[in-house]
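# Commentary on secondary and tertiary structure
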Amino acid sequence: MLHKFEIPEKDQRKNKLSINQITEFEAKFDLYFPEEFINLLLLCNGSFAGEGGIFGLHQEQCVLDIGYYFDLFPYWLGAKWIPVASDGCGNYFVCVANTQSKGKAPVVFIDSSIGYDQIAYVVASNLFDFLIFYLESSLGETGWPFDPEFVVRADPDILNFRCLQLPWDQGRISRS
């Protein structure tokens with residue numbers, strides 16, 4: 001999916017990470033990335049792809065740097081919420097690492113109008129489904145995240161996270 005977005009070759013080389021760099025970051029912040037998150041960082045360590053960018057480690061642009069968001073929102077670090085991306089409007093998508101299963105963790109939406117320490121709703125059951133939704137949405141796909149038939153057809157495991165509010169549900173706000 002990232003191939004549909006232009007990433008300058010010099011940025012691709014500059015942003016490469018090693019497993020050691022990822023492990024050092026995990027040790028510094030006392031957290032463990034889900035396996036799929038590690039795979040993403042090895043493939044794409046931050047990019048301006050999508051509406052507000054996909055985050056990475058040790059980024060020159062602070063708006064793409066995971067560590068920057070841990071400094072900005074310390075609650076996220078304590079809750080093991082790993083910032084993944086932004087919608088470009090002050091809202092964020094975070095991976096809820098403390099609920100991971102089989103190396104995968106759900107991705108949730110943090111709505112600034114509700115609060116940065118509250119989950120508005122779950123948007124994908126795992127990181128890679130989230131990335132597909134997120135990038136296709138920026139290319140004009142309109143079904144995600146509010147069309148339940150579209151979302152469940154593409155990501156049926158999202159229904160396993162009914163403990164979190166689904167985008168098409170009303171009235172509940174979750175805090176993990």
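Quick summary incoming for the structure in this document. Predicted, not measured: the structure shown is a model, and the values here were computed from it.

## Some words on helix α6 (residues 127-138)
When the terminal C-alpha atoms of α6 are compared, their 16 Å separation across twelve residues agrees well with the 16 Å that a helix rising 1.5 Å per residue should span. All of the buried residues along α6 are L127, F130, L131, F133, Y134 and L135. Taken together, the buried residues of α6 touch α3 (35-43), β1 (81-86), β2 (92-96), β3 (107-110), β4 (121-124) and α7 (148-154). A distance of 3.1 Å separates the backbone nitrogen of F128 from a side-chain oxygen at the start of α6, and that oxygen is part of N126. Following α6 by one or two positions, G140 adopts a phi angle in the positive range, close to 115°.

## Concerning the sheet that holds β1
Pairing in this open sheet of four strands is antiparallel, and the strands run β1-β2-β3-β4 from one edge to the other. A single partner strand is all that each edge strand has here, and the edge strands are β1 and β4. Strand after strand, the sheet turns through a mean of 40° between neighbouring axes, direction not considered.

## Structural notes on the packing of helix α2 (residues 19-29) against α3
Across the interface, α2 lies against α3 with an axial gap of 10 Å and an inter-helix angle of 130°. The orientation of α2 with respect to α3, classified from their angle, is oblique. As α2 runs across α3, the sense of the crossing is right-handed. Residue-level contacts link I19, I22 and E26 of α2 to I38, L41 and L42 of α3.

## Comments concerning the environment of V107
Relative to the assigned elements, V107 resides in strand β3. With 25 residues separating them along the chain, V107 and I82 place their C-alpha atoms 9.1 Å apart. Non-local contacts of V107, meaning those with residues more than four positions away in its chain, are made with F93, V94, C95, V122, V123, A124, N126, L127 and F130.

## Remarks on the nonpolar core
Counting 57 residues, the largest nonpolar core has F33, F37, I66, W76, F93, F130 and W144 as the members making the most contacts within it. Per-element accounting of this core gives the leading share, six residues, to α6. When near neighbours in sequence (up to four residues on either side) are disregarded, F130 contacts V84, A85, F93, V107, V123, A124 and W144.

## With respect to the pairing of β3
Alternating residues of β3 divide into V107 and F109 and V108 and I110, and every residue in both groups is buried. Sheet topology places β2 next to β3; four bridges connect them, and they run antiparallel. Opposite F93, over in β3, you have F109 as the bridge partner. In this sheet, β4 lies alongside β3 in antiparallel orientation, the contact comprising three bridges. Paired with V108 across the strands is V122, a residue of β4.

## Observations concerning the pairing of β2
Among the five residues in β2, five count as buried, and that is most of the element. Residues Y92, V94 and V96 point to one face of β2 and F93 and C95 to the other, with burial holding for every one of them. As paired strands, β1 and β2 are joined by five bridges and run antiparallel to one another. Among the inter-strand pairings, I82 is bridged to a residue of β2, identified as C95. Hairpin remark: β1 followed by β2, antiparallel, with five residues in the connecting loop; positive phi at G88, about 80°.

Procedures and definitions
Residues numbered from 1 in each chain as written. Predicted model: local features only at pLDDT ≥ 70, side-chain atom pairs only at ≥ 80, totals over all residues. Heavy atoms only, no water. Helix = DSSP H or I, 4+ residues; strand = E, 2+ residues; numbered from the N terminus. Expected span 1.5 Å × (residues − 1). Buried < 20%, exposed > 50% of the residue type's maximum accessible area, 1.4 Å probe, protein only. Contact = heavy atoms within 4.5 Å. Polar contact = N/O pair within 3.5 Å; in protein donor to acceptor, adjacent residues only side chain to side chain. Pairing = 2+ DSSP bridges. Axes fitted to C-alpha atoms, helices over the stretch in contact; angles between N-to-C directions. Parallel < 35°, antiparallel > 145°, perpendicular 65-115°, else oblique. Left-handed = near helix turned anticlockwise from the far one by under 90°. Core = buried A, V, L, I, M, F, W, Y, C linked by side-chain atoms within 4.5 Å.

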